[in-house]
Amino acid sequence: MAKNELLGGALWDAYSKKVSERMDNPTHLGVITQDEADKRGLKLIVADYGAEACGDAVRLYWLVDSNDVIVDAKFKSFGCGTAIASSDMMVELCLGKKVQEAVKITNIDVEKALRDDPDTPAVPGQKMHCSVMAYDVIKKAAGLYLGKNPEDFEDEIIVCECARVSLGTLKEVIKLNDLKSVEEITEYTKAGAFCKSCIKPGGHEEREYYLVDILRDVRAEMEEESLKNKADSSASGNLSFNDMTMVQKIKAIESVIDEKIRPMLMMDGGNMEIIELKNASDGYTDVYIRYLGACSGCASGSTGTLFAIESVLQEALDKSIRVFPV
């Protein structure tokens, strides 16, 4: 049966080409024996790690030289295609690095290395947890080589112990997939699917971080970033007039008036001011102005001046602008 028939075309399209290729033809799949290590004068490290969250397991083989450099590596994986692809990339990222450097590789590094382009996730969010296993087996191997506990290398804060999901992974997945609920977080990462202590306070053990708080804080960060981007776009002229807030519209209109209209009025001893701005029900933005100086006493020139002001604002900002004198 073809993969598209097995998984469904839409789901299969959510995997990068790199992931698909490594699922079918992993580059570093294999076994390294003690005899091979002895012949090459290298130290063999064999580490096993099982991910209870998805029933997968991986065995990592390292050959390390006297300078702590990983000169060769292989893996065996028992699990889904995503776990195989992640393990294969994990091995590739380890090669040529010192053990002390390799232990800094995270599951996010693995996932990003599997992307076809930097801005598109390599796997569906629901499979992100598969790369966590590769992250953990590296720490296991480094611990065996250096005589330390794997936890000694833990730079990431683990929020969900059951699924081994870190704080960094949770933040990344929430942002990448615009997640809005704890249920979506669980669907995408498996965090909170088991003992549920990490979801909110009141579980069978107290946690430093809870999914409800992480979601709230990340959504607040996303909203703040969105507002900042809109403000930046407005400042650079990229935000459309109709998408601006009322304050932004007023600032944009004032800017055009100061630059293109007010100097001409002042040459004739006149001026103007904005009295009010309204978003009309018919989709127009109505600008109410008052003439000052010479303009206020020139009845015959008011209509022509009004038309000129409206035309300049429409050309510079948007055709939906109407100008009315008060």
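Remember, predicted model here, so these are calculated numbers, not experimental data.

So, on to the environment of Lys196. Structurally, the position occupied by Lys196 is in the loop between helix H10 (182-189) and helix H11 (211-235). It is 9.8 Å that separates the C-alpha atoms of Lys196 and Leu211, two residues lying 15 residues apart in sequence.

Here we take up the packing of aromatic side chains. With the rule as written, the count across this model stands at one aromatic pair. Residue placement shows Arg322 over the ring face of Tyr284; its charged tip is 4.3 Å from the ring centre.

So, on to the state of the cysteines. A covalent bond between the sulfur atoms of two cysteines is referred to as a disulfide. Throughout the structure, instances matching the rule amount to zero disulfides. Looking at Cys198, it has no disulfide partner, and the nearest cysteine sulfur is the one in Cys160, 4.0 Å off.

Turning to unusual backbone geometry, a few remarks are in order. A positive phi angle is found at Asp178, which is not glycine, with a value near 55 degrees. Mapping Asp178 onto the fold places it in the loop between helix H9 (167-177) and H10. Positive phi is not limited to glycine here, since Lys190 has a value of about 75 degrees. Structurally, Lys190 is set in the loop between H10 and H11.

Turning to the confidence of the model for the chain, a few remarks are in order. Averaged over the chain, the pLDDT score is 84; the fraction of residues at 70 or greater is 85%. For the chain, the element scoring lowest by mean pLDDT is helix H1 (residues 3-7), at 41; helix H4 (residues 34-40) scores highest, at 97. Here residues 1-9 scores under 50 on pLDDT; set against residues more than four positions off or in separate chains, the count is seven contacts.

Attention now moves to the pairing of strand S6 (residues 270-279). Pairing analysis gives nine bridges linking S6 to strand S7 (residues 285-293), with the strands arranged antiparallel. Bridging across to S7, Lys278 finds its partner in Asp286. The turn linking S6 back onto S7 is made up of five residues, and Gly283 within it adopts a positive phi angle of 95 degrees.

Running from amino to carboxyl end, helix H3 (residues 17-24) crosses helix H5 (residues 81-94) at an angle of 95 degrees, the nearest separation of the two axes being 8 Å. Comparing their axes, H5 and H3 come out roughly perpendicular. Judged by residue contacts, Val19, Arg22 and Met23 of H3 engage Gly81, Thr82, Ile84, Ala85, Asp88, Met89 and Glu92 from H5. Tallied by class, residues from the contact of H3 with H5 come to five nonpolar, two polar and three charged.

Analysis parameters
Per chain, residues are indexed from 1 in the order of the written sequence. Two thresholds apply to this predicted model, a pLDDT of at least 70 for residue-level local features and 80 or more for giving and counting side-chain atom pairs, whereas whole-chain, interface and lining totals are computed over all residues. Excluded from the side-chain calculation are hydrogens and water; included are all heavy atoms of the structure. Elements are defined by DSSP. Helices are runs of H or I of four residues or more, strands are runs of E of two residues or more, and each kind is numbered from the N terminus. Two rings belonging to Phe, Tyr or Trp (six-membered ring only in the last case) form a pair when the distance between their centres is within 6.5 Å. Interplanar angles under 30 degrees mark stacking, angles over 60 mark edge-to-face geometry, and anything in between is tilted. Counting as a charge over the ring demands two things of the Lys NZ or Arg CZ atom: a distance within 6 Å of the ring centre and an angle within 35 degrees of the ring normal. Here, a disulfide means two cysteine sulfur atoms that sit within 2.5 Å of each other. You can read pLDDT as the predictor saying how much it trusts each residue, on a scale of 0 to 100. What makes two residues a contact is simply this: any of their non-hydrogen atoms within 4.5 Å. When DSSP finds two or more bridges between a pair of strands, those strands are recorded as paired. Lines are fitted to the C-alpha atoms to define the axes, a helix being fitted only along its stretch in contact, and any angle between axes, read from their N-to-C directions, falls within 0 to 180 degrees. Each angle is binned into one of four classes, with values under 35 degrees roughly parallel, values over 145 roughly antiparallel, values of 65 to 115 roughly perpendicular, and all other values oblique. Under this grouping Gly is polar, as are all residues other than the nonpolar Ala, Val, Leu, Ile, Met, Phe, Trp, Tyr, Cys and Pro and the charged Asp, Glu, Lys and Arg.

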